[in-house]
Amino acid sequence: MLSRKEQKFIKSLKVKKYRMREKCFLIEGAKNVQELLKSDFDIEMILGTEEFFSLNLKSGDHRNEIVTAEMLQQLGTFKTNEDALAIARTKSYDLDTLSFDDHIFVLDGVGDPGNVGTIIRTLDWFGFDQLICSSDCAEFYHPKVINSTMGSFTRVKVVSCELENFYQNNNLPVYAADMDGNPLDRINQKEPLVMVMGSESHGVSPITLQNMEARITIPRFGGAESLNVGIATGILAGHLRMSR
């Protein structure tokens, strides 16, 4: 049985300051928890319905608790959760952990958690396992980010940093996605490069403008005013992956 203190602790992880203080985060839903179980994240606890545990192994050093679907909904952020909820320890990556032998995507001021999570899932699809996020992006461990990744958070290394430090610590050419940029085929896509995706409302930051070589655009054939940043990232990731 979960004590009231434990329930309060789990609920507190919906808030950033408590995630930072406790160095723990929430993972919700069968797919995300199943991917967590296959990862190298340190798991503190898994709460699940009887049906979830009947279909998934209970082994491991973490604690397992059978709870009702109603309890999962009370503790987490899902309106409906009939499977599982987990608590795991956060990880911290810095620039020294990066590899520069493949294209690297950068999110510059992308504040919507759903977009950030979708981008992580999309990059995982195309085999990109690194992502740089500026300090004003949505927090990686925000529940909406983790939920939107559908488990890809376990495979993509996300480094949150000041972009000036990132640009100073690598020699790759920097390009920024922009509606008024050059066609993608104007750049050498076979060699590693940095592709920056900016905020849909404000574009990229001044520090990116100072460090980029050129703007790159996705050709428009219809009348839509703009592309969602997650969709734009998917298109560019597909082109860059196939070019290599």
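Residues numbered from 1 in each chain as written. Predicted model: local features only at pLDDT ≥ 70, side-chain atom pairs only at ≥ 80, totals over all residues. Heavy atoms only, no water.

Got a sec to walk through the overall build of the protein chain? Specific residues and values, please.
Of the regular secondary structure elements, the protein chain holds ten helices and ten strands. Taking the principal axes of its C-alpha atoms as reference, the protein chain extends roughly 60 × 40 × 30 Å. Expressed as a percentage of its 244 residues, the buried residues of the protein chain come to 50%. In the protein chain, the proportion of contacts linking residues at least 24 apart, taken out of those at least 6 apart, comes to 76%. Here the protein chain has roughly 12,900 Å² of accessible surface; of this, 48% comes from carbon and sulfur atoms. The centroid of the 27 positive side-chain charges in the protein chain is displaced by 5 Å from the centroid of its 33 negative side-chain charges. (Helix = DSSP H or I, 4+ residues; strand = E, 2+ residues; numbered from the N terminus. Buried < 20%, exposed > 50% of the residue type's maximum accessible area, 1.4 Å probe, protein only. Contact = heavy atoms within 4.5 Å. Areas by Shrake-Rupley, 256 points an atom, 1.4 Å probe, with all protein chains shown as cover. Lys, Arg positive; Asp, Glu negative; His and termini not counted. Charge placed at Lys NZ, Arg CZ, Asp CG, Glu CD.)

Summarise the environment of Leu 98; cite the residues concerned and give the values.
Position of Leu 98 among the secondary structure elements: in the loop between strand 4 (84-89) and strand 5 (104-108). Its relative accessible area of 10% is what places Leu 98 among the buried residues. It is 9.8 Å that separates the C-alpha atoms of Leu 98 and Asn 170, two residues lying 72 residues apart in sequence.

I'd like a rundown of the packing of helix 6 (residues 113-125) against helix 10 (residues 229-243), residues and numbers included.
Relative orientation of the contacting elements helix 6 and helix 10 amounts to 15°, with a least axis distance of 9 Å. The angle between helix 6 and helix 10 places the two elements in the roughly parallel class. Both helix 6 and helix 10 take part in a crossing whose hand is right-handed. The segment helix 6 lies against helix 10, with Asn 115, Ile 119, Thr 122 and Leu 123 engaging Val 229, Gly 230, Thr 233, Gly 234 and Ala 237. Classifying every residue of the contact of helix 6 with helix 10 by side-chain character gives four nonpolar, five polar and no charged. (Axes fitted to C-alpha atoms, helices over the stretch in contact; angles between N-to-C directions. Parallel < 35°, antiparallel > 145°, perpendicular 65-115°, else oblique. Left-handed = near helix turned anticlockwise from the far one by under 90°. Nonpolar A, V, L, I, M, F, W, Y, C, P; charged D, E, K, R; others polar.)

How would you summarise the sheet that holds strand 4 if you had to cite specific residues and measurements?
The strand order across the open sheet built from four strands is 1-4-2-3, with neighbouring strands paired in mixed fashion. Unpaired on one side and paired on the other, strand 1 (24-28) and strand 3 (63-66) mark the two borders of the sheet. For this sheet, the mean inter-axis angle between neighbouring strands, taken without regard to orientation, is 15°. Taken together, the five bridges between strand 1 and strand 4 define a ladder with antiparallel strand orientation. Bridging across to strand 4, Leu 26 finds its partner in Ile 87. (Pairing = 2+ DSSP bridges.)

Account for the side chain of Asp 102, naming residues and giving values.
For Asp 102, the position within the fold is in the loop between strand 4 and strand 5. Separated by 2.8 Å, the side chains of Asp 102 and Arg 241 make a polar contact. (Polar contact = N/O pair within 3.5 Å; in protein donor to acceptor, adjacent residues only side chain to side chain.)

Go over the pattern of salt bridges with me, naming the residues and quoting the values.
According to the stated counting rule, one finds eleven salt bridges in the structure shown. Taking the shortest distance from any N to any O, the salt bridge between Glu 139 and Arg 19 comes out at 2.4 Å. One end of the pair, Glu 139, is in the loop between strand 6 (130-134) and helix 7 (143-149); the other, Arg 19, is in helix 2 (residues 16-22), with 120 residues separating them in the sequence. Both residues of the pair, Glu 139 and Arg 19, count as buried. Lys 38 is the partner of Glu 35 in a salt bridge, and the nearest nitrogen-oxygen pair spans 3.6 Å. Residue class for Glu 35 comes out buried when judged on its relative accessible area of 6%. Assessed through its relative accessible area of 65%, Lys 38 is described here as exposed. Ionic contacts of the salt-bridge type, sharing partners, join the residues Lys 31, Glu 35, Lys 38, Asp 124 and Arg 155 into one network. (Salt bridge = Lys/Arg side-chain N within 4 Å of Asp/Glu carboxyl O.)

Which residues make up helix 6, and what values do they have?
When the terminal C-alpha atoms of helix 6 are compared, their 19 Å separation across 13 residues agrees well with the 18 Å that a helix rising 1.5 Å per residue should span. Looking at helix 6, one finds that the buried residues are Pro 113, Asn 115, Val 116, Gly 117, Ile 119, Ile 120, Thr 122, Leu 123 and Asp 124. Those residues of helix 6 that are buried lie in contact with strand 5, strand 6, helix 7, strand 7 (157-161) and helix 10. Immediately beyond the C-terminal end of helix 6, within one or two residues, lies Gly 127, with a positive phi of roughly 80°. (Expected span 1.5 Å × (residues − 1).)

Could you give an account of the packing of aromatic side chains, naming the residues involved and the relevant values?
Any two aromatic rings considered together are summarised by their centre-to-centre distance and by the angle between their planes. Throughout the structure, instances matching the rule amount to eight aromatic pairs. Within the aromatic cluster, the residues linked to one another by ring pairs are Phe 25, Phe 41, Phe 140, Tyr 141 and Phe 153. (Phe/Tyr/Trp six-rings, centres within 6.5 Å; stacked < 30°, edge-to-face > 60°.)

Give a description of the side chain of Glu 28 that names residues and reports values.
Residue position: Glu 28 is located in strand 1. A distance of 2.6 Å separates a polar atom in the side chain of Glu 28 from a polar atom in the side chain of Thr 77. Here Glu 28 is in contact with Val 33, Gly 76, Thr 77, Phe 78, Asn 81, Ala 84, Leu 85, Pro 143 and Asn 147, once residues within four sequence places are set aside.

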